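# Descriptive structure summary
Take a look at the letters that make up each chain.
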Amino acid sequence: MSTSRTKIKKIYPGDVAFRIFNTLFLTIFVIITLYPILNTLAISFNDGTDALRGGIHIVPRVFTTKNYQTVLQRQALKTGAFITVSRTVLGTVFALFANAVLAFIVSRKEFVFRKQLTVFWIITMYVNGGLIPTFLLYRKLNLTGTFWVYVIPGLVGAFNMLVIRTYMNGIPDSLEESAMLDGAGYTRIFWTIISPLCKPVYATVALFVAVYQWNSWFDAMLYNRLRPEYTTLQYELMKLLSSVMNQNTNVESLKNVQDTVTPTSVRAAATIITILPIVCLYPFLQRYFVTGLTLGSVKA
Amino acid sequence: MAIAKAEKPLPKKKKITAKTLKSQRALLIAAAIFVIYGIVFYYVPLVGWLMAFQDYSPRLGFLGSEFIGIDKFKFLFSDKTFLRVIRNTLAMGVLNLVTSTFMAILFAILLNEVRNTRAKKVVQTVSYLPHFLSWIIVTGILHDVLASGGIVNELLLKFGWVDKPVNFFAKPEWFWGLVAFSNVWKETGWNAIIYLAAITSIDPSLYEAAAIDGAGRWQRIKNVTLPGIRPTIMILLLLSIGNVLNAGFEVQYLLGNGLVQSVSQTIDIYVLRWGISQNDYSLGTAAGLFKSFVSIVLIVIVNQLARHYGEERLY
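Residues numbered from 1 in each chain as written. Chains lettered and ligands numbered in written order. Predicted model: local features only at pLDDT ≥ 70, side-chain atom pairs only at ≥ 80, totals over all residues. Heavy atoms only, no water.

### Points about the overall build of chain A
What counts is decided by this rule: Comment: elements are numbered from the N terminus, with helices defined as DSSP H or I runs of at least four residues and strands as E runs of at least two. Type-normalised accessible area, obtained with a 1.4 Å probe on protein chains alone, sets the label of each residue: buried when under 20%, exposed when over 50%, and partly exposed for intermediate values. Contact between two residues is taken to exist if any of their heavy atoms lie within 4.5 Å; hydrogens are not considered. Note on areas: Shrake-Rupley, 1.4 Å probe, and residue coverage restricted to the protein chains presented here.
Secondary structure assignment for chain A yields 16 helices and zero strands. Residues counted as buried form 54% of the 300 residues belonging to chain A. A fraction of 71% describes how many contacts in chain A between residues 6 or more apart in sequence connect residues 24 or more apart. For chain A, the exposed surface amounts to about 14,000 Å²; the carbon and sulfur share of it is 68%.

Below, the structure written as structure tokens:
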């Protein structure tokens, strides 16, 4: 559409004002979006006690890597990183497989219970048991206090399933029909015909699930608070955050000035480590999540 | 549901015969597994709502606990905290919905007007970034920016608007604004994706015709772009109304503190506090049930409204 717009050459009154306003608005938007992140980056490389004086913007004042060393030495953060990576990998692989298989079933036009099964899952998008019954159920199933509480409850999500199904519905039937005539069963059609064609939508759903897994903290707090071996990176960050917020004044931290790392500076370093993989990856995955959102909004 | 009803009726009624069942054996077995999974993880918790009408004790279990009718609800609605919690949830939900929709549309329209493709791409890529950060991280960096030595207080002091640093997190009157701002900061770029897609699908010849008629940029936005994305705005707004009460947990939980709890507590936090921390499972469930009930009522109302827009597709 930008190509068609270039045909409009004439400058109208007000256009110059518009362009100035637009540039200004978007510049401020970018600054407001990036500044806090760059600020955290600067604090993470700055001496902790010095940072308490304030006035650090996007360049560290007293450079140090001590915050990162502290982070990398903390056992809880190391465990958290390991669990977070594990749940992201396993959770994404299993959830993608489950959603893809279910989407495949409900996209088979000849399947006798196609409609019933679809409605069965759409209902789960609108009503749910809520916090307490869910909590008690997981306890009853002995999921609490285990690693699998991060993976099993989220295996099938109606929204992600519908995104894949919408994509599968767009695949011409003739492809599978000819395979069926050749004697291929459903398993083979799923693996060799449908799935290779669904790579873009699989990437989209994998991205959604992976981001969800990477950023989860509430389940760690709710189900595994007493199991430090299953803590996650985000939950550890949350504990650091509350230790920062609870020192209402800086007096407490200034008492031990010889200590060069503070909760704030350690938190900044842990934050940077946590967001680094996301920042490095997401720009290359843009087209996948844009497709996913567009597919998801097409009526189920 | 507004979404579900678009399911196209199948051309002809399928007859279930032994032969079709046999040929679809693999599908049936797999489907059965998914149904069992769905029942366990999505439908069994629904039965748990009954706990709201019980005096549930973990010792007696779900089947052994005594039914006490609506006592828990009576307690809820006589509890001033709960009434305040409803107000907070609604207020923040509506405020978030309005501010984030407005900002997403504004951002999408302005970004669409950028002619330099490279600049456009860079701005859009930057705008997605906060969506991928967790609320823990967002509240953490918000805390740094608004701290007494943070940039906001530094600027306020420099321009002489305040005499001493403002402690934003201790002021109840700032809290809803902070929550709305963090939402806008985190989700504007992401929410704009769908509006940008809608703008892209507007017929370019409309813009050319408008330009020939002497419409400047402002005029074209007002008379072509906005009417063009109106159906999208309406549908997304309607769909999010059912979610208004769900918009209240993570930020409020993470940013809230003793000084602002009269405005920061939401229904979800109330459920967590009573249900998990105080072990009053029945009261927590009752509060949660109330929230779900209101949400479902809202969805039904919205569904009726959506009928008027039922013919309009997003694309």
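### Structural notes on the packing of helix α2 (residues 15-44) of chain A against helix α11 (residues 217-241) of chain B
To be explicit about the condition: Helix axes use the C-alpha atoms of the stretch in contact, all axes being lines fitted to C-alpha atoms, and the angles between their N-to-C directions lie in the range 0 to 180 degrees. Relative orientations are named as follows: roughly parallel for angles under 35 degrees, roughly antiparallel for angles over 145 degrees, roughly perpendicular for angles from 65 to 115 degrees, and oblique for any other angle. Amino acid classes used here: Ala, Val, Leu, Ile, Met, Phe, Trp, Tyr, Cys and Pro are nonpolar; Asp, Glu, Lys and Arg are charged; the rest, including Gly, are polar.
Where α2 of chain A contacts α11 of chain B, the axes come no closer than 8 Å and their chain directions differ by 75 degrees. Overall, the two elements α2 of chain A and α11 of chain B adopt an arrangement that is roughly perpendicular. Contacts from D15, F18, R19 and F21 of chain A of α2 of chain A reach α11 of chain B at R217, W218, R220 and I221 of chain B. In terms of residue class, the contact of α2 of chain A with α11 of chain B is made up of four nonpolar, no polar and four charged.

### Observations concerning the interface of chain B and chain A
The criterion, for reference: Here the buried area means the combined drop in accessible surface, using a 1.4 Å probe, for two parts upon being joined, counting both sides. A carboxyl oxygen of Asp or Glu within 4 Å of a side-chain nitrogen of Lys or Arg is what we treat as a salt bridge. For the purposes of these results, a polar contact is taken to be a pair of N or O atoms within 3.5 Å, where, inside protein, one atom must be able to donate a hydrogen and its partner to accept one; residues adjacent in sequence count only when each atom of the pair is a side-chain atom.
Residue-level contacts link 107 residues of chain B with 103 residues of chain A. On the chain B side of the contact with chain A, L27, F34 and F132 of chain B bury the most area, a combined 8% of that side's loss. At the surface where chain B touches chain A, the tally comes to one salt bridge. Across the pair D144 of chain B and R267 of chain A runs a salt bridge whose closest N-O atoms are separated by 2.9 Å. Where chain B touches chain A, the interface holds 20 residue pairs in polar contact (both at pLDDT 80 or more). For the side of chain B that touches chain A, the leading source of residues is helix α2 (residues 25-47) of chain B, giving 17 residues. Across the side of chain B that touches chain A, the residue classes tally to 70 nonpolar, 23 polar and 14 charged.

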